[in-house]
Structures are given as structure tokens and as C-alpha cells.
Amino acid sequence: MTDSVIYAPQRSSSVSAFSDYCWRNPRMFLFLLLLPPVLWLGIIYLGSLFSLLVQSFFSIDEFTGLIKHEFTLKTYRELLHPANLDIVVRTVSMAIIVTIAAAIIAFPIAYFAARYARGKWKAFFYLGVMLPLWSSYLVKIYAWKLILAKEGILNWFLAELHLTWLLESVLSIPIIGGNSLSVSYIGTCLVFLYVWLPFMILPLQASLERVPVNLLEASSDLGGKSQQTFRHVLLPLAMPGLIAGSIFTFSLTLGDYIIPQIIGSSRLFIGQAVYSHQGIAGNIPLAAAFSIVPIIIMAFYLWMAKRQGAFDVL
Amino acid sequence: MTISVAFSKVCRYYGDIKAVDKVDLSIEEGEFFAMLGPSGSGKTTCLRLIAGFEQPTSGHIEIFGETAEGVPPYQRDVNTVFQDYALFPHMNILENVGFGLMIRGISKNERDHEAEKALQMVQLSGYGARRPSELSGGQRQRVAVARAIANKPRVLLLDEPLGALDLKLREQMQDELKELQKTLGITFIFVTHDQGEALSMADRIAVFNNGKIIQVGTPKDIYQRPESEFVANFVGSSNIVAADYAGLSEQKDTLVSLRPESIKLVDSNGREAIVISRSYMGGSTRLNVENSGVRLNMVIQSNTGLPQDGEKILISWDPEQAHLLSNDQ
């Protein structure tokens, strides 16, 4: 008994003293842990958003081009000007269409990945979805410009299939059509869809993975045909993922200013308007007011989604 | 008697694994039928074959005389109570129970009325507005039963429905399910690995092992006349001894099953045995004793004088109680 060694905890360094202190004061530990991210989020992130909000209530003096630092709603009146309202409507419509199309395309892919893909196939799925995100955004968009151009590969391919008439009839549709896909809204929409699709697939896949298979079996057992099971069981349970994905696709489309500049008719989107007003025009208040629009739309969207019970299953 | 479910040479293979292997089965209408077996014995796969979630690799299944292969679950007159209940988390209890009726396009008033009636049958009236997450395990189990019977199926399948409940609740639910089956008069097919549950509830039991049915019979048949060592050991516990040792002199090399409660403690005219160990189980006490090199388990009433470890006692049994086992398993 006398030569047995007792391994007593060593309490020499200040590091272990600090660690002991944290163990005894879990609230203090939590406070220290959260301090840096809260400072970042609170001051740099939300602070700059708040300053943006404040900027939108200032106005610009037309003669001097200087910003008048006093409260006014003049900038917002300017925002409601038909030319500016056009930009808002155009952007929001595009965002809605891109989001719906992304949801329709993403659902089967996400469902396959969640229910059937195992092992190698699962890895292949993640690689396939993520791979486009690893290459440069600009390169992808310019590549799409070449694909969609009048002399591009898509036109050539359709010509080989003797389907040029089909493309031409699609392009002859007023407003969304144009000279070629690369200068039409259809083209803009296609590229948006391509770029944001992973942001829809991944949250949707995560939410579908959490739907137990036996719920689908239970529905089928109780008489539900596939489409009824989809409508009454799968879709409501996938809603949180669908909402999460649509927040990405919707808000990313609302804010983007590069895709509509490179591909599409040269009409402005919100992002481009912000870019031009805060740049050459120096109209920071109007740029700020434009930036507020997506925030309000997203807040409204989330409020609606919550009211519809989209988050009840969370 | 109408046959509700019939299997003939049904097999279900997953690659090399024979989950269900040449099963023949016929279940009568209005019967409380238990499928009993250890996990992985194929009993749940059989249930899923009846429900339509699985298709047989070969063989033929009939439900009320109609071929079941290729018929999707939603067209079968069969409903399932799932092992972990599978209640829809985004619906309240009334909507859950009325789900099958909603699918069939029955008006909201009528299906709420029917759902409420089904909830009454499982003693849960008034719980309709709650969510599944707000109920206890036992209550969820009742909702799962109510949801299945609200559809008025001709066959109700229950997949280990009481597995997740504690002992007291399980015993209570056993009685209630038995009563419910009598009231409804429909076929109940019940999957369980708990032999006590099968013995107390079922009209007939099929004992499964390795994808095959080992024995089918009434609980009394299964318990008193097990045909194989597997059944003798799986259903209750048993002493497997040589026939001549048990007192059946004519069969020399065959084995017999001798139930622990068949062995009695006697004052005279018995075999001499030594008590190796005891386990007190409340009303009864299990003794492990040794008699001429053979270890035996026996059960005696605790209120009689309990022998001590190492004590010499006299034991005896009626050779009639020993049941011959066939050699195959």
C-alpha cells in the first residue's frame, strides 16, 4: 500500500487555473465564448446594416451633389418613381421565378440523395452539387455567355438537331425573349438557376433526410397514393428545407449585380442600381434605399412562411 | 372459416440473406395471430409482405382470396400499427387518426366524428387537438392503433407495438388490445419477440427462426408440446435432457423438454439433488440444482421453505410432463 502512486491533478500553470475557473463558472465561460462572435455580429455586421438604414433617410442635394444629413423620406419617394419601381418589380419577379424553378429541379435530386444514395453514390452526389461552387463565379458566368450566345454551342447543338425553330419561337416571346438567349431574360434566369441551385439542393436534402421512411409507409398504408403522400406528408415535412433553400436563392438573386450585367437585356436589376448609385452617381442615400428593399421583402417572406406554419415541424 | 391471409412457399431474399424462407401460413378471419421469434428471424418481413411494403422474391400471398403480389399498400384492406408509431408530427391527433378518411375524400365533419369514435375506443377521447409530441409513449401507441382502426381494415397488423412501453403499461395494453380485437372481430396479426406477450394474447402463435416457421399452434400447444429444442428454449425456459434420463425409457437417444415448473420438491421418493444457486423472483424462486451430473432449472413457490445453497433436496417429476423433441432443429 505504501508504494502506490497517487496521480493528483497538477495545478501549476495559469492555463489550468483558468480552465478550473471556467469549469466552476459555466456562465462566465459561456460569456467569454460568445463575446467575440457577438461583437462581430453586433457591431460590424448589424451595425453596418443599421448605418445603411440611417443613410437611406438622408437625401442628396441635386445642385451640389452633397449628402444632407437630416431626416427625410425624399429618397423613398424617389424609390417609388416608376423607373426605379420597374427595377424592383423586375428583380423580384426574377427572384420568384428562379426560386420556384430551383425548387422544382432540386426536389427530385435532393430526394434521391436523401433516400436512395448510399456510400459511393452519396459522395458522388455531394461532389456533383458542390463542384461548381469551387470554380470562379465570373468564369462560370462568362462560360454561360458563350454557351448561350448566338454563335454558341447551344445554338449549334439545336441546329444539328434541326430544332432551331423551337429556340426561335421561344425567343420570339415578347419581354422574356430577345435576339439570342444570352441577351434575354430567359438566359439570365438560366444562369441564376445554375449558380444558385446548390443552395436549394443542400438544405432540401438535409430536411428530406430527417423525414422517417415509415411516415411515408404509414401514409401509403392508410391509402395515400404517391401524389397524396407527397402533398400531405413529404412536402409539409420538407417545408423547412424548402424555405431555407428559397431564402438563399431568393435573396441571392435579389442582391446579385454581375449576372444581369453580363447576361440578359441591359435593363437594370436592384444590385446594379445600388452599384451605379453608390459609385459614379455618388447617390449613397438612394443606393441605401434600394438595399433596404430586399431586406423588407425577405422579412415579409419569412413572416408569411411562419404564419403558414412552415417552421412548426422544426 | 374464411382465410384472411395465406402464404404459400413465400421467400424474400436480400442478396444472399434469406429473410423469409419458404414460409407457408394460413391465418383465419377474426383470429389473433402472433408471429414470435428473435430479432432477424423474418417475422417483421412477413408482416411487411402482408402490408405490401415488401414484395416476395418467390411464392404466393393471398389476402381474402385475392393475389397480393403487385398490389400497392394503399390498395390493400390492411392497416399497420408501426413499431415506433409513425405518427405524422405536423398534424394533430384528430388529423392523424382521420388521415386515411381524408385520403378517401370523406368530409371534414364526418371524418372528425369517425376519428373521435376511434379515439374513444382507445380511451383517448378529448385528445384530438394535441400534437403527437405532447403525448406520452403509451398514448402515442393508442393513437397509432386508433389511426389504423379508423380505416376499418379487415386485417390489422401490429409490429412490436408494445416494445417501447414499460412493463405495467405493456400488461395493461395487452388486455386492451385483446378486448379491442374481440369488439372489432377482425384479424389481428401481431409481431413480437416477447414470448409472454404472444402466449397471453394470441389465439395461435407461429414461432420463427432464421426466416422459417418452426412451429405453429395454440399458446398451450407451443408451451406444453414444443416440437424442437429452439421452441422449447425460446418460449419459456426449458430443461433439455435425454429421454431415458427423464423417465421415458423407450427412446434412448432423443431429447425431451422438461419445464422448470414440472419439477417438484418432494419429501420422499425423489431423486437426490444439490442446490447450486437460487434466484428469488418475488412469488416464485428459481433453483438451479444438480442431479447425477445433470443441471436442472426448477421453479418453486417462495412461500414454501426455501432450501439453502448446497443443501441436499429431493426432486421428482411426472414423466408425462416431459415432451419429446424432434431432431431437426
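The shown structure was predicted, so the numbers you read here are calculated from the model rather than taken from an experiment.

About the criteria used
- Along each chain, residues carry numbers from 1 onward, in the same order as the chain's sequence is written.
- Going through the entries in the order they are written, you letter the chains from A and number the ligands from 1.
- Only residues with pLDDT of 70 or above have their local features reported here, since the model is predicted, and side-chain atom pairs are shown and tallied only from 80 upward, although totals for entire chains, interfaces and linings are computed over all residues.
- Secondary structure elements are taken from DSSP: a helix is a run of H or I of four residues or more, a strand is a run of E of two residues or more, and numbering for both begins at the N terminus.
- Radius of gyration here uses only the C-alpha atoms, and the compact-globule reference equals 2.2 Å multiplied by the residue count raised to the power 0.38.
- Placing C-beta atoms from the backbone, we regard two residues as in contact once those atoms come within 7 Å.
- Working definition of burial: number of other C-beta atoms within 10 Å of the residue's own, with buried at 20 or more, exposed at 12 or fewer, and partly exposed in between, all C-beta atoms being placed from the backbone.
- At least two bridges found by DSSP between two strands are what make those strands a pair.
- Fitted lines through C-alpha atoms serve as axes, helices being fitted only where they are in contact, and the angles separating the N-to-C directions of these axes extend from 0 to 180 degrees.
- A set of buried Ala, Val, Leu, Ile, Met, Phe, Trp, Tyr and Cys residues, joined through C-beta atoms within 7 Å, is what we mean by a nonpolar core.
- Side-chain classes are defined by residue name, with Ala, Val, Leu, Ile, Met, Phe, Trp, Tyr, Cys and Pro counting as nonpolar, Asp, Glu, Lys and Arg as charged, and the others, Gly among them, as polar.
- An automatic or database domain assignment is the source of the domain bounds shown.
- Any helix carries an expected span of 1.5 Å times its number of residues minus one.
- Each residue is assigned a bend, namely the angle between axes fitted to the seven residues that terminate at it and the seven residues that start at it.
- Here a crossing is taken to be left-handed if its near helix is turned anticlockwise relative to the far helix by less than a right angle, and right-handed if that turn runs clockwise.
- Every residue carries a pLDDT, the predictor's confidence in it, which falls somewhere between 0 and 100.

Draft legend 1. Seen up close, the overall build of chain A. The helix and strand inventory of chain A stands at 14 helices and 2 strands. For chain A, the C-alpha radius of gyration of 26 Å lies well beyond 20 Å, the compact-globule estimate for 314 residues. Its C-alpha atoms put chain A at 95 × 65 × 40 Å along the principal axes. In chain A, of all internal contacts separated by at least 6 residues, the share reaching a separation of at least 24 is 70%.

Draft legend 2. Structural detail: the overall build of chain B. Each helix and strand counted, chain B has 10 helices and 18 strands in total. When each of the 329 residues of chain B is scored for burial, the buried share is 41%. Contacts in chain B between residues far apart in sequence, at least 24 positions, make up 63% of those at least 6 positions apart.

Draft legend 3. Highlighting the sheet that holds strand E15 (residues 284-291) of chain B. Residue and element names in this part refer to chain B. Taken in spatial order, the 5 strands of this open sheet run E13-E17-E14-E15-E16, and their pairing is antiparallel. Two strands close off the open sheet at either side, each with one partner strand: strand E13 (264-266) and strand E16 (294-301). Taking each pair of neighbouring strands and ignoring which way they run, the sheet shows an average axis angle of 50°. Pairing of strand E14 (residues 271-280) with strand E17 (residues 312-316) involves 4 bridges; the strand directions are antiparallel.

Draft legend 4. Up close: the nonpolar core. Ranked by size, the top nonpolar core spans 144 residues in total, and within it Ala146(B), Leu157(B), Ile189(B), Phe190(B) and Val207(B) carry the most contacts. Among the elements that take part in this core, helix H9 (residues 185-209) of chain A stands out by supplying 15 residues, more than any other. For Phe190(B), the residues in contact, after removing those within four places along its chain, are Phe32(B), Phe33(B), Ala34(B), Leu158(B), Met201(B) and Ala202(B).

Draft legend 5. Spatial organisation of the interface of chain B and chain A. Contacts between chain B and chain A engage 17 residues on the former and 17 residues on the latter. Elements that contribute at least two residues to the side of chain B that touches chain A include exactly strand E6 (78-81) and helix H3 (99-103) of chain B. For the side of chain B that touches chain A, the element with the highest residue contribution is H3(B), accounting for 3 residues. Partitioning the side of chain B that touches chain A into residue classes produces 10 nonpolar, 5 polar and 2 charged.

Draft legend 6. Quick peek at the domain arrangement of chain A. As far as domains go, chain A holds domain 1 (14-50) and domain 2 (80-307). Of note, the centres of domain 1 of chain A and domain 2 of chain A, computed from C-alpha atoms alone, are 38 Å apart.

Draft legend 7. Here's a closer look at the environment of Arg111(B). Residue and element names in this part refer to chain B. Inspection of the secondary structure puts Arg 111 in helix H4 (residues 108-121). We classify Arg 111 as buried; it has 22 C-beta atoms within 10 Å. Taking C-alpha positions, Arg 111 is 9.0 Å from Ala 150, a pair spaced 39 residues apart along the chain.

Draft legend 8. Local environment of the sheet that holds strand E10 (residues 212-217) of chain B. All names here are of chain B. Pairing is mixed in the open sheet, where 6 strands are placed in the order E6-E7-E8-E3-E9-E10. Where the open sheet ends on each side, the last strands, each with one partner, are E6 and E10. Ignoring which end each strand starts from, the neighbouring axes of this sheet average 20° apart. With 5 bridges joining them, strand E9 (residues 204-209) and E10 adopt antiparallel strand pairing. Bridged to Phe 208 within E10 is Ile 213.

Draft legend 9. Just the domain arrangement of chain B, in detail. Residue and element names in this part refer to chain B. Domain boundaries in chain B define domain 1 (3-231) and domain 2 (237-324). For domain 1 versus domain 2, the distance between C-alpha centres works out to 38 Å. Listed as interface residues are 4 residues of domain 1 and, on the opposing side, 4 residues of domain 2. Along the lines of polarity and charge, the residues of the side of domain 1 that touches domain 2 split into 1 nonpolar, 1 polar and 2 charged.

Draft legend 10. Quick look at helix H2 (residues 26-55) of chain A. All names here are of chain A. Here H2 spans 41 Å end to end across 30 residues, near enough to the 44 Å set by a 1.5 Å rise per residue. Helix geometry: H2 is bent most strongly at Leu 35, by close to 40°, with proline Pro 36 lying one to four residues after it. In terms of burial, H2 is a largely surface element, 1 of the 30 residues being buried.

Draft legend 11. Molecular detail of the packing of helix H5 (residues 120-134) of chain A against H9(A). Residue and element names in this part refer to chain A. Close contact between H5 and H9 brings their axes to 9 Å; oriented N to C, the two are set at 145°. Considering how the two elements wind past one another, H5 and H9 form a crossing that is left-handed. Side by side, H5 and H9 meet where Val 129, Met 130, Pro 132 and Leu 133 of the first sit next to Pro 198, Ile 201 and Leu 202 of the second. Its residues assigned to classes, the contact of H5 with H9 comprises 7 nonpolar, no polar and no charged.

Draft legend 12. Here's a closer look at the confidence of the model for chain B. The predicted model of chain B averages 90 in pLDDT, with 98% of residues at 70 or higher. As a predicted assembly, this complex carries a pTM of 0.82 together with an ipTM value of 0.85.

Draft legend 13. Inspection of the confidence of the model for chain A at higher detail. Averaged over all residues, the pLDDT of chain A is 88; the fraction at 70 or higher stands at 95%. Of all helices and strands in chain A, the one with the weakest mean pLDDT is strand E2 (residues 67-68) of chain A (82), whereas helix H10 (residues 213-221) of chain A scores best (95).

Draft legend 14. Region of the structure containing unusual backbone geometry. The phi dihedral of His162(A) falls on the positive side, at around 55°, and the residue is not glycine. As for its placement among the helices and strands, His162(A) is situated in the loop between helix H7 (153-160) and helix H8 (164-171). In the Ramachandran plot, Ser292(B) falls in the positive-phi region, its phi being about 40° despite a non-glycine side chain. One can find Ser292(B) in the loop between E15 and E16.

Draft legend 15. Structural view of the pairing of E9(B). All names here are of chain B. Taking burial as the measure, the 6 residues of E9 include 5 buried ones, the bulk of the element. The pairing of strand E3 (residues 32-36) with E9 spans 4 bridges and is parallel. Along E9, the bridge assignment pairs Ala 34 with Ile 205.

Draft legend 16. Looking closely at the pairing of E17(B). Pairing of E13(B) with E17(B) involves 3 bridges; the strand directions are antiparallel. Bridging across to E17(B), Leu265(B) finds its partner in Ile315(B).

Draft legend 17. Structural detail: the environment of Leu87(B). In this structure, Leu87(B) sits in the loop between E6 and helix H2 (93-97). Leaving out residues up to four positions away in the same chain, Leu87(B) has contacts with Asn96(B), Pro132(B), Arg140(B), Val143(B) and Ala144(B).

Draft legend 18. Region of interest: helix H4 (residues 82-115) of chain A. Residue and element names in this part refer to chain A. Between its first and last C-alpha, H4 extends 48 Å over 34 residues, near the 50 Å set by a 1.5 Å rise per residue. Its maximal kink placed at Ala 106, H4 deviates by approximately 35°, while the proline Pro 108 follows within four residues. By the burial criterion, the buried members of H4 are Ile 87, Thr 91, Met 94, Ala 95, Val 98, Thr 99, Ala 102, Ala 106, Phe 107, Ala 110, Ala 113 and Ala 114. Where H4 is buried, its residues meet H5, H9, helix H11 (226-255) and helix H13 (270-278).

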